[in-house]
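Coordinate analysis (summary)
Spelled out from the first residue to the last, the chains are:
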Amino acid sequence: MKAGMHILMINPNTSQQTTALMLRQARACLPPGVLLHGATAERGAAMITDEAGLKIAEQEVLRLGLGFAQGDDSQAGRAIIVAAFGNPGLELLRAALPERVAAFGIGEAAMLQAARDEQGRPRCFGIATTTPGLEASIAASVEALGLTPWFCGTRIAQGEPLVLAADPALQCERLGDAVAQCVQRDGAQAVVIGGGPLSEAALWLAPRFEVPVLSPVVAAMQAALAGLSFAVAS
């Protein structure tokens, strides 16, 4: 990996605590020579729980992403990760970025990873999350990626999203129940934990299941690093 490469992780909600959580997990994926930066939205929701929150976040993603892309070191490899599961502003950002800067969404990256096993074969996947207000948006994202034939549905953890967020142990327990439903009732061969703030729960839950339980933050980091490597090789 070429030295001097930069990845910006944009948290589209306004929670600095969530930004720190996701950066902590993302840094565990970093190889030498790659610098990770974080940015937090200045307006919008502290936790995105519905489509209205996604819409507000779009302009913040665009503002922060374009500011990063116009950084001083134009020769360094650059990638941007939109760290909200609904990928707010991702397509707007891609359309506005210079060709040398790639953009990735944690929801998109995790779904694409979940839909293929390590040999590249299609597999059935489900999503476990805490936000019922985003269920329709999740289904639309799956369809836009062409993954509907392999999608076995979303399971929502029992409880109000903000209440669960305030009690990480309870949140992990309820998400675990949702993952179990994806596997046992829906036949999922992989399960994505649907939310940037929920990514640490994915690491805690993964050893409890025989099928892969994917962190969207890790999936996006892997996609961004692969993209940077490809750009250098080209």
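See the structure shown above.
Residues numbered from 1 in each chain as written. Predicted model: local features only at pLDDT ≥ 70, side-chain atom pairs only at ≥ 80, totals over all residues. Heavy atoms only, no water.

Relative to the helices and strands, P98 is located in the loop between α3 (90–96) and β4 (101–105). Residue class for P98 comes out partly exposed when judged on its relative accessible area of 33%. Remark: the alpha-carbon pair of P98 and L66, spanning 32 residues in sequence, is separated by 9.1 Å. (Helix = DSSP H or I, 4+ residues; strand = E, 2+ residues; numbered from the N terminus. Buried < 20%, exposed > 50% of the residue type's maximum accessible area, 1.4 Å probe, protein only.)

Turning to helix α7 (residues 168–184), a few remarks are in order. For α7, which comprises 17 residues, the first-to-last C-alpha distance of 24 Å matches the rise-based estimate of 24 Å (1.5 Å per residue) to within 8%. Residues Q171, C172, L175, G176, A178, V179, A180 and C182 constitute the buried set of α7. Residues of α7 that are buried in the fold lie against β5 (125–129), β6 (151–156), α6 (161–165), β7 (190–193), α8 (199–205) and β8 (213–214). (Expected span 1.5 Å × (residues − 1). Contact = heavy atoms within 4.5 Å.)

A few words on helix α1 (residues 16–27). Here α1 spans 16 Å end to end across 12 residues, near enough to the 16 Å set by a 1.5 Å rise per residue. Taken residue by residue, α1 has T18, T19, L21, M22, L23, Q25 and A26 as its buried positions.

So, about the packing of aromatic side chains. Following the criterion strictly, the structure yields 1 aromatic pair and no others. Relative to F151, the ring of F125 has its centre 5.3 Å away and its plane inclined at 40°; by these criteria the two rings are tilted. With F125 in strand β5 and F151 in strand β6, this pair connects stretches of sequence that are 26 residues apart. By the burial criterion, F125 is buried, and F151 matches it. A cation over a ring is seen here: R78 above F68, with NZ or CZ 4.7 Å from the ring centre. The ring of W150 has R116 sitting right over it, with the charged end atom 4.9 Å from the ring centre. (Phe/Tyr/Trp six-rings, centres within 6.5 Å; stacked < 30°, edge-to-face > 60°. Lys NZ or Arg CZ within 6 Å of the ring centre and 35° of its normal.)

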